[in-house]
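# Close look at the chain arrangement
Now for the letters of each chain:
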Amino acid sequence: MVFSVLIADAYPLMSEGTKKTLSTLDAIDKIFTCHSYRQLKKVLTEQPPDILLLHAALDTVDEYLLLQEIRKGHDSGLKILLISETTSPLEIKRLYKAHLNGFLLSTAKQEEL
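Residues numbered from 1 in each chain as written. Predicted model: local features only at pLDDT ≥ 70, side-chain atom pairs only at ≥ 80, totals over all residues. Heavy atoms only, no water.

Okay, the pattern of salt bridges next. Enumeration according to the criterion identifies two salt bridges in this entry. One salt bridge in this structure joins Lys-72 and Glu-69, with 3.4 Å as the shortest N-O distance. Within this pair, Lys-72 and its partner Glu-69 are both found in helix 3 (residues 63–72), separated by three residues, close to a single helical turn. For Lys-72, a relative accessible area of 66% puts it in the exposed group. On the accessibility criterion, Glu-69 (35% relative accessible area) is partly exposed. Glu-91 is paired through a salt bridge with Arg-94; the nearest N and O atoms lie 3.2 Å apart. (Salt bridge = Lys/Arg side-chain N within 4 Å of Asp/Glu carboxyl O. Helix = DSSP H or I, 4+ residues; strand = E, 2+ residues; numbered from the N terminus. Buried < 20%, exposed > 50% of the residue type's maximum accessible area, 1.4 Å probe, protein only.)

Laid out in structure tokens, this is it:
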């Protein structure tokens, strides 16, 4: 099975590095990038990916509200992996309640991704 991935990150340099890492995986056939919430909404509507790799710094401060907004109008089959600086177990638990599928610290190594 092959997957399409959307990388949503406000920082183009970071998203390009992530894209380069993911492009080495056979299970991924398409990789899209966006750098704002407006672009994210457009891509989710026009070319919905299988996996959303979402960096928490995308146009918002509250990661929980961002996840809720994304989940509101999009396929429940969308898998969302959040990349965040948050280390609070309570906050991470709260994010999973917003139907997050996975969590990765921004300080994670390439192999963890």
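Before going further, it helps to examine the side chain of Ser-15. Looking at where Ser-15 falls in the secondary structure, it is placed in helix 1 (residues 12–22). In this structure the side chain of Ser-15 is engaged in a polar contact, spanning 3.0 Å, whose partner is the backbone oxygen of Pro-12. Setting aside residues up to four positions removed in sequence, Ser-15 forms contacts with Ile-7, Asp-9, Thr-33 and His-35. (Polar contact = N/O pair within 3.5 Å; in protein donor to acceptor, adjacent residues only side chain to side chain. Contact = heavy atoms within 4.5 Å.)

Moving on, we get to helix 3. All buried positions along helix 3 are accounted for by Glu-63, Tyr-64, Leu-66, Leu-67, Ile-70 and Arg-71. Mapping the buried residues of helix 3 onto a view down its axis gives an arc of 160°, with all of them on the same face. The inward-facing, buried residues of helix 3 contact helix 2 (37–46), strand 3 (51–55), strand 4 (79–84) and helix 4 (89–97). (Arc of directions from axis to C-beta.)

Here we take up the nonpolar core. Counting residues in each nonpolar core, the largest one holds 23 residues, and the members touching the most others are Leu-40, Leu-52, Leu-54, Ile-70 and Ile-80. Of all the secondary-structure elements, those providing two or more residues to this core are strand 1 (3–8), helix 2, strand 3, helix 3, strand 4 and helix 4. Apart from the residues lying within four places of it in its own chain, the contact partners of Leu-40 are Leu-6, Ala-8, Cys-34, Leu-52, Leu-54, Leu-58 and Ile-70. Listed in part, the nine residues of the second largest apolar core include Val-5, Ile-28, Leu-53 and Leu-104. (Core = buried A, V, L, I, M, F, W, Y, C linked by side-chain atoms within 4.5 Å.)

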